[in-house]
Amino acid sequence: MSTEATTGQTEFIVSGKDTWGAFTLWDVCPAPTDPTRRAIVLEEAGVEAFDAFGELFTPSGATAQEALHEILRELRERAGLDHYAMRGGRDLGPTLTSELYGGAGVAAATKDAAFGVAASALPGVPSFHVRGLPDRCATSTRDRVRAGVINSGRRWPMASVWAEVTPLEPDGKGVSVAGASALDLALACSVLVAAGQIPCGCWPDVALIGELGLDGAVRTPKGLAEAAQGAAAQGARAVLVPADAVDDVDLAGVRVIGVASLHEALELLSDERHPLRPTAADAHNPGSGLPARG
């Protein structure tokens, strides 16, 4: 079993330049877990950083933000300074508790399991990494999500964006991610929240299920009904699904709302009056449930 699995810490590869009092971040990404691949990536990244008069770091942390805070702490100790700034993002100051850019998480599901989708946008070379998906579908997922966001009239964040897909089952080891296209809508929305383009915390107890077309349309993934049932079993009180498949999803006590496009989903989730937001009555009676149709 890997150290990452037993400690909950992930190793990151970070490149940047120390200018004595500030650190200019160029890129940050999770390190490959395969030893051979890790060695190759470290060698290539090290050469690039050296040629640009920079440095390479391999900190560990539960999140990329924690790993970057660890670098700042190391640089402060090395320079004998109480304060160190992060260029490209806001000034972090001497504390290790503040976030750099944004982070967001949302519930999602495929026909086989329910998942949590988390995303972060960090200062650095623009890139998009997705962890937790099989290699065979990670590339196509990134392409659909990025194109769907841009063609929906949204700006793709000029940052190092990384997302992670994690099973919600207590022991999610070996859970299949078949039908991963059902996670597209959740990935796109969480990236835009992390980038600050839509409000954070605007979807309590909501699961997002849908495949994205390159034009930003929300399409029906295989096994939609099973995916919605899995999300409901994990506590979702509302489920966002493709508009043309609303009638295919029937969940007692769970609101089912259809959206035809990513743009429509974002408008709905960003609206302070949207029907997914809990009411005061819901807050006093968490078990009241929502109507089955939106």
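My aim in this report is to walk through the structure given alongside it, one point at a time.

Conventions adopted
- Residues numbered from 1 in each chain as written.
- Predicted model: local features only at pLDDT ≥ 70, side-chain atom pairs only at ≥ 80, totals over all residues.
- Heavy atoms only, no water.
- Salt bridge = Lys/Arg side-chain N within 4 Å of Asp/Glu carboxyl O.
- Helix = DSSP H or I, 4+ residues; strand = E, 2+ residues; numbered from the N terminus.
- Buried < 20%, exposed > 50% of the residue type's maximum accessible area, 1.4 Å probe, protein only.
- Polar contact = N/O pair within 3.5 Å; in protein donor to acceptor, adjacent residues only side chain to side chain.
- Contact = heavy atoms within 4.5 Å.
- Axes fitted to C-alpha atoms, helices over the stretch in contact; angles between N-to-C directions.
- Parallel < 35°, antiparallel > 145°, perpendicular 65-115°, else oblique.
- Left-handed = near helix turned anticlockwise from the far one by under 90°.
- Nonpolar A, V, L, I, M, F, W, Y, C, P; charged D, E, K, R; others polar.
- Pairing = 2+ DSSP bridges.

Next up on the list: the pattern of salt bridges. The final tally for this structure, using the stated rule, is seven salt bridges. We note a salt bridge from E70 to R73, for which the minimum N-O separation is 2.3 Å. Residue E70 and its partner R73 are both found in helix α3 (residues 64-79); the two are separated by three residues, about one turn of the helix. A salt bridge links R154 to E267; its shortest N-O distance comes to 3.9 Å. Here R154 is found in the loop between α4 (135-150) and β9 (160-167), whereas its partner E267 is found in helix α7 (residues 262-270), with 113 residues between them in sequence. Taken together, the shared-partner salt bridges in this structure form one network comprising D18, E55 and R78.

All right, on to the environment of D215 then. One can find D215 in the loop between β11 (211-212) and β12 (218-219). Residue D215 is classed as partly exposed on the basis of its relative accessible area, which comes to 49%. A sequence separation of 65 residues divides D215 from I150, and the C-alpha atoms of the two residues are 8.5 Å apart. From its side chain, D215 meets the backbone nitrogen of A217 in a polar contact 3.0 Å long.

Here we take up the side chain of R154. The class for R154 is buried, based on a relative accessible area of 18%. Ignoring sequence-local partners within four residues, the contact set of R154 consists of V149, L192, Q197, I198, L266 and E267.

Each pair of packed helices gets described by two things: the angle between the helix axes and the distance between those axes. The N-to-C vectors of α4 and helix α5 (residues 184-194) enclose an angle of 55 degrees; their axes lie 10 Å apart at closest approach. On the basis of their axis angle, the class for α4 and α5 is oblique. The way α4 lies across α5 gives a crossing that is right-handed. Taking contact as the criterion, the partners of T141, R144, V145 and V149 in α4 are, on α5, D184, L187, A188 and L192. Grouping the amino acids of the contact of α4 with α5 by side-chain chemistry returns five nonpolar, one polar and two charged.

It is worth spelling out the pairing of strand β7 (residues 114-122) at this point. Most of β7 sits inside the fold, with eight of its nine residues counted as buried. Taken together, the eight bridges between β7 and β9 define a ladder with antiparallel strand orientation. Considered in β9, the bridge of A119 is made with A163.

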